[in-house]
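Listed below are the residues making up each chain.
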Amino acid sequence: MTLSASKPQQQSSKHDAAPWAVLYRHTLLSLFAFRLLNALVLRTFFQPDEYYQSLEPAWWVAFGHDSGAWTTWEWKQHLRAALHPGLFALVYKSSNVLVTTLDLSASSRAAVLLATPKTLQAFIAALGDYYTYKLAQQVYGRHSRSAVCTILLTVGSAWNWFVSTRTFSNCIETTLTAVALYNWPYHWALGSDEVGFQLDSNILRIRRTDSVTLEEEEAIAEVDETTRLRRTLFCASTAVILRPTNAIIWLTLTTATFGRGMYRHGVHWEVDAFIRQGLFCSGIVLALSAFVDRLFYDVWTFPVWQFFKFNVLQSLAVFYGNNNWHYYLSQGYPLLLTAAVVPAALGLRNALILRDEPRCVSIQSRLILHRLALVSIVLPMVLSVLSHKEVRFIYPILPALHVIAALPFAKLVGFTDIIASGNANRRQRTFKPTLFGAFFITINVMLASYFSLFHNSGLIKVTDYLRSEFEAIRLTQAEIQTQLNRNLTFAILMPCHSIPWRSHIQYPPTFTTPGISGWALTCEPPLNLLPSEKATYQDEADIFYLDPAVWLKQNMVRDPPSGPPPPGFYAPDPADAKKLWSNPNPQRGVWLNEGEGGQNTGVPNRRKRAWPDYLIFFEQLEPSMKATLGQSAYRECARFHNSLFHDDWRRTGDVIVWCLPDVHR
């Protein structure tokens, strides 16, 4: 078939396509309901970036520099783009307006501010699931068993259940990648002599679909190629701004699509269109990001360069972990895919090596599978060069891996007819359950349940405990009028960033009302030090764990308290604001109130910390704490199960809370 400049003949009205639009909307709504449930039942701690790279700076933007948020060194050094926390700042601001308008209680306000970021992230995760499904439909056909198996892989993934509704920048990066992969012009890499295409009004080849009905075909054709190209480029550009390493995906796809054969096939105008639209879309995203960064940092800055300079040129990422070269192969893929690693390996083999497989899909579909497989291999391979590795760094390839795994997975779980090619075939489909299907369900349910409900659950429960203690004792109107009202104070004697901060604790103190105030051990990286100094550098948490007793003696203001805390109003004094409250100038660093995230231990004349109402630590530290503070007034007042095992010896055992007697008076 030769190229034609005409659009598909219109033989059906838009009304005929309405049922499919309704189906798509219901699919998205169902996925959103599923992910909202996922977000609300998730009760465990995974990694600090979930809070300190999104919700904490968002709280800081939404409620002001004196709102008690913890802004880490990356924000002080302008390493992070402000688009991601800016999104959650808007959610916080709008939620606060709603709470104020409805005149809700303080405890209701805290509940709303806890739930709204989860709701937004649930919708983002549902969008990722939805476009993964649409990508599978584009490859296998809209009524195929493989497309259905893709959505089963996505919603049944233990990793997705555990991670997708968390507020990592990697999660929104994954959703943006799924949307961009769906809209990518894979068919432009095909020559006109391989597959016949029609042209749109901009002389761009229209992708072919495996739709069964004319209504479906027309519903897809309503979106022209230029619009879909812009969607791809907008999403890809935003993902790169949020996570610069995402550029590896688009460099790989661009090279594979336009690197060879385009001019030979005589369709160079598609290259020109890609360049023009790429400059247009990336320019808009870059300008928006620069504007938001200017508002956030109060200076013009380019976080992508700062990220590259600190993490690559200065190798500061090594400070947070150094992994083997084979980490992504030996741990990354298995953790992402769990039981789906077998069908994913089979799918990668088919797409990369046996180019004629799978024989039941079209040439265009085989090309898409090949490109997805290429991306799924190249990203982990390039990131393996870097010393610091985490599984979530390759999270954006999971939608592609699920699409690739879908066809082998369908066969392994017992579907005997995969691709929909007509009504007769649909009637012949059968399903015979297999042991692999049972194994897939069992292993994912077990892993998802344990890691989302139990593993590191104590670190979330302790923030709920502090908040409930404050609400129960200090939030009644009667107490606000008495001199007994005072701040609730706490200290976290754990490795740095072990618990969420203001986004979960809530209730920051102000000059007129009490709140929850605390401090924690820090782990600032070795900035601006010589290589020899970096080799021997120890952060505050490292020094504490060398000898907790010595650290407490050197860094606390006096001997441990032998009685209850003194009465009185302990909200910050405005005259002491410079010592207690954040510096509003972010380029000079944002130091947090009352020792929260104070400077490095080696800084001369550092202000010592006061003994708090509550001391919080892991069970591993309990013998040292009893030996050091056994004669003090502190006693155990709460204990929360945290984990059965941990790869960090400092974080083993329960989360223990010690408090002073009569602290509730």
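Residues numbered from 1 in each chain as written. Predicted model: local features only at pLDDT ≥ 70, side-chain atom pairs only at ≥ 80, totals over all residues. Heavy atoms only, no water.

Visitor: I'm lost on the overall build of the protein in this one. Help?
Guide: A count of helices and strands for the protein gives 27 helices and 5 strands. For the protein, with 665 residues in total, the buried portion stands at 55%. In the protein, the share of contacts with a sequence separation of at least 24, taken over all contacts with a separation of at least 6, comes to 77%. As displayed, the protein has an accessible area near 28600 Å², and 61% of this comes from carbon and sulfur atoms. (Helix = DSSP H or I, 4+ residues; strand = E, 2+ residues; numbered from the N terminus. Buried < 20%, exposed > 50% of the residue type's maximum accessible area, 1.4 Å probe, protein only. Contact = heavy atoms within 4.5 Å. Areas by Shrake-Rupley, 256 points an atom, 1.4 Å probe, with all protein chains shown as cover.)

Visitor: Just checking my understanding: could you explain the sheet that holds strand E3 (residues 614–618) for this structure?
Guide: Neighbouring strands of a sheet are bound in pairs by backbone hydrogen bonds; such pairs are parallel or else antiparallel. The strand order E2-E1-E3-E5-E4 describes an open sheet built from 5 strands, whose pairing is mixed. Single-partner strands in this sheet number two, and they are strand E2 (516–520) and strand E4 (635–640). Adjacent strand axes in the sheet meet at a mean angle of 20° when their direction is disregarded. With 5 bridges joining them, strand E1 (residues 488–493) and E2 adopt parallel strand pairing. If you follow Ile492 over to E2, its bridge partner there is Ala520. Helix-sheet contacts for helix H27 (residues 622–629) involve E1, E3, E4 and strand E5 (655–659), and the interaxial angle to E3 is about 145°. (Pairing = 2+ DSSP bridges. Axes fitted to C-alpha atoms, helices over the stretch in contact; angles between N-to-C directions.)

Visitor: Please explain the state of the cysteines as it appears in this structure.
Guide: Here the structure, examined in full by the defined rule, presents 1 disulfide. At a sulfur-sulfur separation of 1.9 Å, the disulfide partner of Cys496 is Cys523. Disulfide Cys496-Cys523: the torsion about the S-S bond is 75°, which places it as right-handed. Separated by 27 residues along the polypeptide, Cys496 in the loop between E1 and helix H22 (502–505) and Cys523 in the loop between E2 and helix H23 (531–535) bring together distant segments of the chain. A relative accessible area of 7% places Cys523 in the buried class. Summary of cysteine pairing: Cys235 is not part of a disulfide, and the nearest cysteine sulfur, belonging to Cys281, is at 9.7 Å. For Cys235, a relative accessible area of 13% corresponds to the buried category. Since its relative accessible area comes to 0%, Cys281 is described here as buried. (Disulfide = S-S within 2.5 Å.)

Visitor: Would you mind going over the packing of aromatic side chains with me for this structure?
Guide: Note on aromatic pairs: each is described by the distance of the centres and the angle between the planes. Applying the stated criterion across every chain yields a total of 42 aromatic pairs. Ring geometry for Phe45 against Tyr51: centres 5.7 Å apart, planes inclined by 25°, an arrangement best described as stacked. Given the relative accessible area of 2%, Tyr51 is considered buried. With 4.9 Å between their ring centres and 80° between their planes, Trp70 and Trp501 make a pair best called edge-to-face. With a gap of 431 residues between them, Trp70 in the loop between helix H2 (49–63) and helix H3 (73–76) and Trp501 in the loop between E1 and H22 connect regions that are remote in the sequence. Note on accessibility: Trp70 and Trp501 belong to one class, buried. Connected via pairs of aromatic rings, a cluster forms that spans Phe46, Trp159, Phe162, Phe168, Tyr395, Tyr450, Phe451, Phe454 and Phe645. (Phe/Tyr/Trp six-rings, centres within 6.5 Å; stacked < 30°, edge-to-face > 60°.)

Visitor: How should I be thinking about the pairing of E2 in this particular structure?
Guide: Looking down a regular strand, the side chains alternate between one sheet face and the other. When you tally the buried positions in E2, you get 5 out of 5 residues, the bulk of the element. The side-chain alternation of E2 yields two buried faces, one formed by Ile516, Gly518 and Ala520 and the other by Ser517 and Trp519.

Visitor: What's the story with a nonpolar patch on the surface in this structure? I'm lost.
Guide: Taken together, the side chains of Leu286, Phe302, Trp305, Phe308, Val312, Leu313 and Leu386 define a hydrophobic patch exposed on the protein surface, amounting to about 630 Å² of accessible area. Broken down by element, the residue count for the nonpolar patch peaks at 4 residues, all from helix H13 (residues 303–313). If you trace the backbone, Val312 turns up in helix H13. (Patch = residues over 30% accessible without salt bridge, like charges linked within 9 Å, V, L, I, M, F, W, Y side chains within 5 Å. Salt bridge = Lys/Arg side-chain N within 4 Å of Asp/Glu carboxyl O.)

Visitor: How should I be thinking about the side chain of Ser643 in this particular structure?
Guide: Structurally, Ser643 is set in the loop between E4 and E5. Judged by relative accessible area, which is 8%, Ser643 ranks as buried. At a separation of 3.3 Å, a polar atom in the side chain of Ser643 contacts the main-chain carbonyl oxygen of Phe645. (Polar contact = N/O pair within 3.5 Å; in protein donor to acceptor, adjacent residues only side chain to side chain.)

Visitor: Would you mind going over the nonpolar core with me for this structure?
Guide: Soluble globular proteins tend to pack their nonpolar side chains together in the buried interior. By size, the foremost hydrophobic cluster in this structure holds 136 residues, and its most contacted members are Tyr186, Leu336, Leu372, Phe490, Trp501 and Ile616. The element that contributes the greatest number of residues to this core is helix H5 (residues 106–140), accounting for 12 residues. Grouped together as the second largest cluster of nonpolar side chains are 21 residues, Trp519, Met625, Ala633 and Leu660 included. (Core = buried A, V, L, I, M, F, W, Y, C linked by side-chain atoms within 4.5 Å.)

Visitor: What's the story with unusual backbone geometry in this structure? I'm lost.
Guide: Most peptide bonds take the trans configuration, and most residues that are not glycine carry a negative phi. A positive phi angle is found at Asn456, which is not glycine, with a value near 65°. Note on placement: Asn456 falls in the loop between helix H19 (435–453) and helix H20 (458–474). The exposure class assigned to Asn456 is buried, which follows from its relative accessible area of 6%. One non-glycine residue with positive phi stands out, namely Gln506, at about 65°. Looking at where Gln506 falls in the secondary structure, it is placed in the loop between H22 and E2.

Visitor: Before we go on, may I ask you to explain the packing of H5 against helix H6 (residues 145–155) in this structure?
Guide: Two quantities define a packed helix pair, namely the angle between the helix axes and the distance between the axes. Interaxial distance between H5 and H6 falls to 8 Å at its minimum, and their mutual angle equals 155°. Taken together, H5 and H6 sit at an angle that is classed as roughly antiparallel. H6 is crossed by H5, and the crossing has right-handed handedness. On H6, the residues that touch Asp129, Thr132, Tyr133, Ala136, Gln137 and Tyr140 of H5 are Ser146, Ala147, Val148, Thr150, Ile151 and Thr154. For the contact of H5 with H6, the class distribution of residues is 6 nonpolar, 5 polar and 1 charged. (Parallel < 35°, antiparallel > 145°, perpendicular 65-115°, else oblique. Left-handed = near helix turned anticlockwise from the far one by under 90°. Nonpolar A, V, L, I, M, F, W, Y, C, P; charged D, E, K, R; others polar.)

Visitor: Would you take a moment to explain the confidence of the model for the protein for this structure?
Guide: As a note on interpretation, predicted positions should not be read in detail where pLDDT is low. This prediction gives the protein a mean pLDDT of 82; 79% of its residues lie at or above 70. Counted against residues more than four places away or in other chains, residues 211–215, with its pLDDT under 50, gives 13 contacts. Contacts of residues 477–484 to residues separated by more than four positions or lying in other chains number 11 contacts, the stretch itself having pLDDT below 50. (pLDDT = per-residue confidence, 0-100.)

Visitor: Please clarify how the packing of helix H17 (residues 398–413) against H19 should be interpreted in this entry.
Guide: Following both chains from N to C, one finds H17 and H19 inclined at 115°, their axes separated by 7 Å at the closest point. The angle between the axes of H17 and H19 places the two elements in the roughly perpendicular class. Of the residues in H19, those in contact with Phe409, Leu412 and Val413 of H17 are Phe436, Gly437 and Phe440. A breakdown of the residues in the contact of H17 with H19 according to their chemical character gives 5 nonpolar, 1 polar and no charged.

Visitor: What is the right way to read helix H11 (residues 247–258) from this model?
Guide: Note on helix geometry: an α-helix contains 3.6 residues per turn, so any two residues three or four positions apart are oriented the same way. Compared with the 16 Å implied by 1.5 Å per residue over 12 residues, the 16 Å span of H11 between its first and last C-alpha is a close match. Of all the positions in H11, only Ile248, Ile249, Trp250, Thr252, Leu253, Ala256, Thr257 and Phe258 are classed as buried. (Expected span 1.5 Å × (residues − 1).)

Visitor: Before we go on, may I ask you to explain the pattern of salt bridges in this structure?
Guide: For the structure shown, the criterion picks out 17 salt bridges. Across the pair Asp464 and Arg467 runs a salt bridge whose closest N-O atoms are separated by 2.8 Å. Linking Asp464 with Arg467, this pair stays in helix H20, spanning 3 residues, or about one helical turn.

Visitor: Help me understand the pairing of E3 in this model?
Guide: Of all 5 residues in E3, 5 are buried; the element is thus mostly enclosed. Of the two faces of E3, both are covered, the one formed by Tyr614, Ile616 and Phe618 as well as the one formed by Leu615 and Phe617. With 4 bridges connecting them, E1 and E3 associate as parallel partners. Its bridge partner being in E3, Ala491 is matched across the sheet by Leu615. In the sheet, E3 pairs with E5 via 5 bridges, with the strands oriented antiparallel. Residue pairing in the sheet places Phe618 in a bridge with Val655 of E5.

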